[in-house]
Amino acid sequence: MKKKSDLKPDRAIHSKAHPWHGVSIGAGSPSTVNAYIEMVPTDTVKYEIDKVSGHLKIDRPQTYSNFCPTLYGFIPQTYSGDRVGERCSRQTNRKNIRGDDDPIDICVLTERPVTHGDILVTVIPIGGLRLIDHGEADDKLIAVLENDSLFGEWKDISDCSFKLLDRLKHYFLTYKQIPNSSDLPKVEIAEVYGAEEARTIIQLASEDYNDKFRSRETSSSPAS
Ligand SMILES: [Mg+2]
């Protein structure tokens, strides 16, 4: 029998996976997906993943007075590209909406407070906000933590109270507003949608991801 000290560390096992590229979208996608949490409501500064290293970093010191109302992060291996932009254009009758070149953002409802980010959770999408930021589609999906004892029963956005939705909308419409500035950010929420549309967005964003990142892997791999 091998002694513990004889076991060679395996790089593949001991390297931390990049939360965007190295973590799966989830075997049950688009009905059940993984979400990487960057922010929780008690955070007083804005954290965001560093897209190159995969580490969480301080995006900007907080100059605003608002707090993110829920856990907030993104779905691994998704990308808001051409398909997500076109979907937004079609559903809102606006021309030339582009994707925002980021993974799909997601708000996660949980009964118990989660005290820090940089964690992975399994969630059920129930809807989303169709947010347009300077002509770019920046969908904010809304999900419940899988098996959550309070929110786990929710299946669709119609289960969500208007007050909670209003709070989420208010947060995303004001979170980039700089105090004492007369320049209002060009952010709007074109519509609120349910679980079926949320699953469509995830599907399209997964295809956008494969186009953007998988095709590059294939074309750069040496011919055998
Ligand atoms: Mg985004």
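Refer to the structure printed above.
Rules behind the numbers
- Residues numbered from 1 in each chain as written.
- Predicted model: local features only at pLDDT ≥ 70, side-chain atom pairs only at ≥ 80, totals over all residues.
- Helix = DSSP H or I, 4+ residues; strand = E, 2+ residues; numbered from the N terminus.
- Buried ≥ 20, exposed ≤ 12 C-beta atoms within 10 Å, placed from the backbone.
- Core = buried A, V, L, I, M, F, W, Y, C linked by C-beta atoms within 7 Å.
- Contact = placed C-beta atoms within 7 Å.
- Pairing = 2+ DSSP bridges.

**Description of the overall build of the protein chain**
- Check the secondary structure of the protein chain and you find four helices and ten strands.
- Counting the 224 residues in the protein chain, one finds 34% classified as buried.

**Notes on the nonpolar core**
- One finds Ala35, Ile106, Val108, Val123 and Ala143 to be the most contacted residues of the largest nonpolar core, which totals 44 residues.
- Contributing elements (two or more residues each) for this core: β1 (33-39), β4 (71-74), α2 (82-92), β6 (105-109), β7 (119-133), β9 (140-145), α3 (162-174) and α4 (195-220).
- With seven residues, the top contributor of residues to this core is α4.
- Leaving out residues up to four positions away in the same chain, Val123 has contacts with Val33, Ala35, Ile106, Val108, Ala143, Val144, Leu145 and Glu146.

**Details of α2**
- Along α2, the positions that sit buried rather than exposed are Arg83, Val84, Gly85, Arg87 and Cys88.
- Positive backbone phi, at 60°, marks Asn93, one or two positions downstream of α2.

**Concerning the pairing of β6**
- Most of β6 is tucked away, with five of its five residues classed as buried.
- Burial of β6 is two-sided: the residues Asp105, Cys107 and Leu109 facing one way and the residues Ile106 and Val108 facing the other way are all buried.
- One ladder, built from four bridges, connects β4 with β6; its direction is antiparallel. By the bridge assignment, Phe74 is partnered in β6 with Asp105.
- As defined by bridge partners, β6 adjoins β9 across five bridges and the pair is classed as parallel. Of the residues in β9, the one forming a bridge with Cys107 is Ile142.

**Considerations on unusual backbone geometry**
- For the bond from Ser29 to Pro30, the omega torsion is 5°, close enough to zero to count as cis.
- Among the structural elements, Pro30 can be located in the loop between α1 (11-14) and β1.
- Of note, the phi angle at Gln77 is positive, near 55°, even though the residue is not glycine.
- Assignment of secondary structure puts Gln77 in the loop between β4 and α2.
- Its 23 C-beta neighbours within 10 Å are what place Gln77 among the buried residues.
- Located in the positive-phi region is His134, a residue other than glycine, with phi close to 50°.
- Checked against the element boundaries, His134 lands in the loop between β7 and β8 (136-137).

**Looking at the environment of Asp148**
- Take Asp148: it is sitting in the loop between β9 and α3.
- Taking the number of C-beta atoms within 10 Å as the measure of exposure, Asp148 has 18 and is therefore partly exposed.
- Taking the C-alpha atoms as reference points, Asp148 and Arg112, separated by 36 residues in sequence, lie 8.6 Å from one another.

**Some details on the environment of Asp101**
- If you trace the backbone, Asp101 turns up in the loop between β5 (98-99) and β6.
- Each C-alpha atom, one on Asp101 and one on Asp138, is 9.0 Å from the other, the two residues being 37 residues apart in sequence.

**So, the environment of Ile126**
- Along the chain, Ile126 falls in strand β7.
- Setting aside anything within four residues of it in sequence, one finds Ile126 in contact with Ile142, Ala143, Val144, Trp154, Lys155, Asp156, Ile157, Asp159, Cys160, Ala195 and Ala198.

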